[in-house]
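Tertiary structure, described
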Amino acid sequence: MLRKLMKYELKATGRVMLPLYLAVVALAAVLRGLAVWSQALHYDAVTGFDPVRVLLTLVTAAFFLALVAAPIAAVVLMIIRFKTNLLSDEGYVMFTLPVSSHKLVWSKLLTSAVWFIGAALADCLGVLILAAEEGFLSGLWQGLRDLFAEMTAYYAANGVLVIVELVILVLVVCFTTCLEFYCPMAIGHSFARHKVLLSVVFFFVIGAVRQAAGVALISAGVPFLGDMEALLSGLSPAAAIHGGIWVITLTTAVCGAILYAVTLRMLDRHLNLE
Amino acid sequence: MNRLECRGLTKRFGPIPALDGVDLAIQPGRIVGLLGPNGSGKSTLIKLVTGLLTPTEGEIAIDGMAPGPATHGVVSYLPERPSLPQWMTVEGLQDFYEDFFPDFRREVSGEMLDRLEIDPRRRYKQLSKGTREKVQLILTMSRKAGLYLLDEPIGGVDPAARDYILDTIIRGYDPEASVILSTHLIADIERILDDVIFLRQGRVVLAGPADEVRAQKGMSIDGVFREVFRC
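Counting restarts for each chain, with residues numbered from 1 along the sequence as it is written. Throughout, the order in which chains and ligands are written sets their labels, letters from A for the former and numbers from 1 for the latter. The predicted origin of the model limits local features to residues at a pLDDT of at least 70 and limits the giving and counting of side-chain atom pairs to 80 or more, whereas totals for whole chains, interfaces and linings rest on all residues. Only hydrogens and water are removed before side-chain values are computed, so all heavy atoms of the structure are retained for them.

In many analyses, interface size is given as the accessible surface area lost on bringing the parts together. Residues and elements named next belong to chain A. Here chain A is partitioned into domain 1 (1-132) and domain 2 (156-274). An automatic or database domain assignment supplies the residue ranges for each domain. One C-alpha centre belongs to domain 1, the other to domain 2, and the line joining them spans 26 Å. Contact residues are listed per partner, giving 22 residues for domain 1 and 21 residues for domain 2. Using a 1.4 Å probe, buried area is obtained as the accessible area two parts lose upon being combined, added over both of them. Summed over both partners, the interface of domain 1 with domain 2 buries about 2,100 Å², with 81% contributed by carbon and sulfur atoms. In terms of surface lost to domain 2, no three residues of domain 1 exceed Phe 82, Leu 87 and Leu 109, which account for 28% of the buried area on that side. Salt bridges are defined as contacts in which a side-chain nitrogen from Lys or Arg sits within 4 Å of a carboxyl oxygen from Asp or Glu. Counting across the interface, domain 1 meets domain 2 through zero salt bridges. By the convention used here, residues are in contact when the closest approach between their heavy atoms is within 4.5 Å.

Dropping the structure here:
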């Protein structure tokens, strides 16, 4: 059922995101072509007007707009889809499907992660198309291989493992970012009135609680700073890299798990559709 | 076994009870009219049975199961207002129902769409409010469900389409299935009702077979409604 939910979620959101990705890549290609063309043309010093350069400026502006719009649209769509599909009228259909609330939320989380990562890849591809010169890709690949080799040689860290750990971290950050919005929306929409306003209020309240919890944790760790310094100084560079990534991943995951539990509780027990 | 059973069902929104100790037992094969004025608790009762709301007190059993994903496969629910995804075409909505409900009968929905001259290639959001309600009712009734919950099924449609919709309800459901429908338009639906439940301020004030109620009160269900809920 999760696969089916994701199919419809991807269809609903892909109508917006795929044209945006296409725009980033297409504008990068056009910009590249115009840049090459404008270099081959001579500037008309008499009239001072160069249509190719004007076009180049316009396409450059459009490209940077699309570059910024792709990730912003992914975030906005993530918020809008949760609200319209689960907390507004469509919720009457979605919450009466023979699927659990877990699957409904996971379909949203996974789809949003796909578009977040897709936006990053589309932007990278756009920049690559602009920057690419002959031998650029092979140079980039060689550079990455050298980086892994140096990491392995110097820090004794497993480059591939670091990549795997970073991918897991990126996914956990994507899910937790979504839940930072889902949780206050689920709480805010459990009230009979002022649902959106209360969602915004709870967004800031949850943010403040997270910061307070972070400060409390750090304060609680102060008496053990000496022990921690000794522990860290005894670590190898490789262990420090892997350990650092895992500490960030786990703390983000714990935060995400709490937000997920509250979101599920609100949807299962306190759903109050408009 | 009763298709639906409610025991001491209570739902409060803050201090205000929307439903107050409702006891019900709906048997298979019955068409039940859930009748009452605005704010009497009809939609709240239906939402509790669908699992969209959680009871404050009491129990609900659908084929012996508490409301949840398992009962959603048995219950076919028509909400009070059009609530299908706006971006989809009518054809896409048929695919959607077919994907999630194994009991969805695509050919039945196709026939009904044809009969009401609704183009399946049109987007849902491009349809008028009345046509959207018809599409949602068609999809709801095209399931071979055990329990149909229809919240105001004919409220937004024109009188000409009402007869067809009511005939669809009678013809479209399995004789072993039960139908609960809430409405204010009692005169229109009276002819199809087997049982009636009158709700006032969250309490059941009258319940029984429609024929018995008519005989006992010496008037139509519409007349009884006007008498019971006289302002």
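Taken together, the contact between chain A and chain B spans 26 residues of the former and 25 residues of the latter. Here chain A meets chain B over a buried area of about 2,300 Å², counting both sides, of which 64% is carbon and sulfur. Per-residue buried area on chain A facing chain B is highest for A:Tyr8, A:Tyr92 and A:Thr96; these three make up 28% of the total on that side. Seen at the junction of chain A and chain B, the total is two salt bridges. We call two N or O atoms a polar contact when they sit within 3.5 Å, provided that within protein one can donate a hydrogen and the other can accept it, with sequence-adjacent residues counted only if both atoms are side-chain atoms. Counting across the interface, chain A meets chain B through ten residue pairs in polar contact (both at pLDDT 80 or more). The secondary structure listing takes helices from DSSP runs of H or I that are at least 4 residues long and strands from runs of E that are at least 2 residues long, numbered from the N terminus. At the level of elements, α1 (2-40), α3 (91-94) and α9 (237-269) of chain A are the ones that each hand at least two residues to the side of chain A that touches chain B. Ranked by the residues each element gives to the side of chain A that touches chain B, the list is headed by α1(A), at seven residues. Throughout, the ten residues Ala, Val, Leu, Ile, Met, Phe, Trp, Tyr, Cys and Pro are labelled nonpolar, Asp, Glu, Lys and Arg are labelled charged, and all others, Gly among them, are labelled polar. When its residues are assigned to classes, the side of chain A that touches chain B shows 13 nonpolar, three polar and ten charged.

The buried fraction of helix α3 (residues 90-100) of chain B amounts to eight of the eleven residues, a majority that puts the element mostly inside the structure. Taken residue by residue, α3(B) has B:Val90, B:Gly92, B:Leu93, B:Gln94, B:Phe96, B:Tyr97, B:Asp99 and B:Phe100 as its buried positions. Using a 1.4 Å probe on the protein chains alone, a residue whose accessible area is under 20% of its type maximum counts as buried, one over 50% counts as exposed, and one in between counts as partly exposed.

Two measures describe an aromatic ring pair: the distance that separates the ring centres and the angle between the ring planes. Working definition: rings of Phe, Tyr and Trp (its six-membered ring) pair if their centres are within 6.5 Å, and the pair is stacked with planes under 30 degrees apart, edge-to-face with planes over 60 apart, and tilted otherwise. Under the criterion given, the structure shown has 15 aromatic pairs over all chains. Relative to A:Tyr260, the ring of A:Trp106 has its centre 5.9 Å away and its plane inclined at 45°; by these criteria the two rings are tilted. Taken together, the positions of A:Trp106 in helix α4 (residues 101-131) and A:Tyr260 in helix α9 put the pair 154 residues apart, joining distant regions of the chain. Put simply, the rings of A:Tyr8, B:Phe96, B:Tyr97, B:Phe100, B:Phe101 and B:Phe104 touch in pairs and so form one group of aromatic residues. Counted as over-ring charges are cases with an Arg CZ or a Lys NZ within 6 Å of the ring centre that also lie within 35 degrees of the ring normal. Taking the ring centre of B:Phe101 as reference, the NZ or CZ of B:Arg143 above it sits at 3.8 Å.

Below, the discussion takes up the sheet that holds strand β2 (residues 16-26) of chain B. Residues and elements named next belong to chain B. Taken in spatial order, the three strands make up an open sheet running β2-β1-β4, and their pairing is antiparallel. The sheet is open, and its two borders are formed by β2 and β4 (57-62), each paired with just one other strand. Taking the axes of each pair of neighbouring strands and ignoring which way they run, one obtains an average angle of 20° across the sheet. Direction of pairing for strand β1 (residues 4-13) relative to β2: antiparallel, over a ladder of seven bridges. Here, strands pair whenever DSSP counts at least two bridges between them. Throughout, an axis means a line fitted to C-alpha atoms (over the contacting stretch in the case of helices), and angles, computed between N-to-C directions, take values from 0 to 180 degrees.

The next point concerns the sheet that holds strand β9 (residues 203-209) of chain B. Residues and elements named next belong to chain B. If you walk across this open sheet you meet the six strands as β5-β6-β7-β3-β8-β9, and the pairing is mixed. The two strands at the open ends of the sheet, each matched to only one other strand, are β5 (75-78) and β9. Direction aside, the axes of adjacent strands within the sheet are offset by 15° on average. One ladder, built from six bridges, connects strand β8 (residues 195-200) with β9; its direction is antiparallel. Looking at the pairing, Asp 195 lines up with Pro 209 of β9. Along the sheet, helix α1 (residues 42-50) contacts β3 (31-35), β5, β6 (147-151), β7 (178-182) and β8; its crossing angle with β6, the most-contacted strand, is approximately 145°.

Residues and elements named next belong to chain B. One non-glycine residue, Asp 63, lies in the positive phi region at around 50°. If you trace the backbone, Asp 63 turns up in the loop between β4 and α2 (69-72). Even without being a glycine, Gln 201 presents a positive backbone phi close to 45°. Relative to the elements of secondary structure, Gln 201 occurs in the loop between β8 and β9. The exposure class assigned to Gln 201 is exposed, which follows from its relative accessible area of 64%.

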